[in-house]
Amino acid sequence: MLIKDIFNLSPKDGDVAFEIELEGIKLPTIYNEIWDTKRDGSLRGGMDGQEYIFNQPLPITKVKEELEKFVAHFDPKYVADSFYAGTHLHVNVQDLTMRELLCYISAYLILENILVKWCGETREGNHFCLRTEDADYLVKLLRDMVLNDSSLNFDPDLRYSSMNIMSVSKFGSLEFRALNSSLDVERMMTWATVLHNIKKQAIIYKTPANLVSSVSNEGYEHFARNMLTEKYADLFLKGEWFKSVRKGILYAQDFAFAKDWNEINLNIFKKNFI
């Protein structure tokens, strides 16, 4: 059974959708068939705050064109480099099974630290996009779900994780919150392309346990380059990146090996799969 069926979601095509928070002065409002604008009162930099939102997910091949049209509305000197604002990416997971979704989550957790590090110093440990090493409640929740066939008991603060799983039941997407506020189209496209590819590669594995085991079997670098794509891998694999991957494996394996996947009941949301 697919995510969209589990949560009775209206089917949506497309791969990704952006929510771009910006702070500054004289920020425009943009309303068209692609973009909506909402005033964002949560931004706290003492300036105007706006959130610009895709009205629907778009194919990854169409995103760059729309981002280029978007940034053309702005004069960069009126846009602040804000600690509070961020660029949030929703990756469509409606057509995944629950097992495929958990494989995607596992792959992200393994790579999370190197991904967030690339997003900039102000994003590491940022309270609006906490990594698992900053707050490991997400892993405990996933482990409990797998072990106990339990329903999701969401703490509202979960939405401030660098990967927000609360959006799965609401929108049929995983929300990634780590990227800084930006008008840099290439930077945003790198982020969208990498996270979209991680999804595609992760769901090839049969179970989260198979995925986590493959990191040891195939080697850290092979796994990371396959997930990040050869085009972008060198942007992320810097310094002692392998130590970050090793730490990520510990988080992922905490629920990936929690139970025998040949026996597990994946009805973790207490929904009727029939």
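On a predicted model such as this, the values are computed, not experimentally measured, just so you know.

Caption draft 1: Representation of helix α8 (residues 220-228) in the model. Of the positions making up α8, those classed as buried are Phe-223, Ala-224, Arg-225, Met-227 and Leu-228. Against α3 (98-118), α6 (185-202), α7 (208-218), α9 (233-236) and α10 (241-256) lie the buried residues of α8. Positive phi appears at Thr-229, one or two residues downstream of α8, with a value of about 80°.

Caption draft 2: Structural detail: the pattern of salt bridges. Inspection of every chain in the model, using the stated rule, returns 17 salt bridges. One salt bridge connects Glu-124 with Arg-131, and the closest N-O pair in it is separated by 3.5 Å. Note on Glu-124: relative accessible area 27%, which makes it partly exposed. Of the charged contacts in the structure, one is a salt bridge between Arg-177 and Glu-175, with a shortest N-O distance of 3.5 Å. One exposure class covers both Arg-177 and Glu-175, and it is buried. A single salt-bridge network, built from bridges that share partners, covers Glu-124, Arg-131, Glu-133, Asp-134 and Lys-247.

Caption draft 3: Looking closely at the packing of aromatic side chains. Taken as a whole and assessed by the stated rule, the structure comprises 13 aromatic pairs. Seen in terms of ring centroids, Phe-18 and Phe-54 are 6.0 Å apart; in terms of plane orientation they differ by 75°. Their pairing is edge-to-face. Within this pair, whereas Phe-18 is found in strand β1 (residues 16-24), its partner Phe-54 is found in strand β3 (residues 48-54), the two being separated by 36 residues in sequence. When the centroid spacing of 6.0 Å and the interplanar angle of 15° are considered together, the rings of Trp-118 and Trp-191 count as stacked. You can see Trp-118 sitting in helix α3 and its partner Trp-191 sitting in helix α6, a full 73 residues away along the chain. Here the aromatic cluster, defined as three or more aromatic residues joined through ring pairs, consists of Phe-18, Trp-35, Tyr-52, Phe-54, Phe-70 and Phe-74. Sitting over the ring of Trp-118, Arg-187 keeps its end group 4.3 Å from the ring centre.

Caption draft 4: A look at unusual backbone geometry. Positive phi values are uncommon outside glycine, yet Asn-8 reaches one of about 50°. Phi is positive for Thr-229, which is not a glycine, with a value near 80°. Locating Thr-229 in the fold gives a position in the loop between α8 and α9.

Scoring rules and cut-offs
Residues numbered from 1 in each chain as written. Predicted model: local features only at pLDDT ≥ 70, side-chain atom pairs only at ≥ 80, totals over all residues. Heavy atoms only, no water. Buried < 20%, exposed > 50% of the residue type's maximum accessible area, 1.4 Å probe, protein only. Helix = DSSP H or I, 4+ residues; strand = E, 2+ residues; numbered from the N terminus. Contact = heavy atoms within 4.5 Å. Salt bridge = Lys/Arg side-chain N within 4 Å of Asp/Glu carboxyl O. Phe/Tyr/Trp six-rings, centres within 6.5 Å; stacked < 30°, edge-to-face > 60°. Lys NZ or Arg CZ within 6 Å of the ring centre and 35° of its normal.

Nothing here speaks to function; it is geometry throughout.
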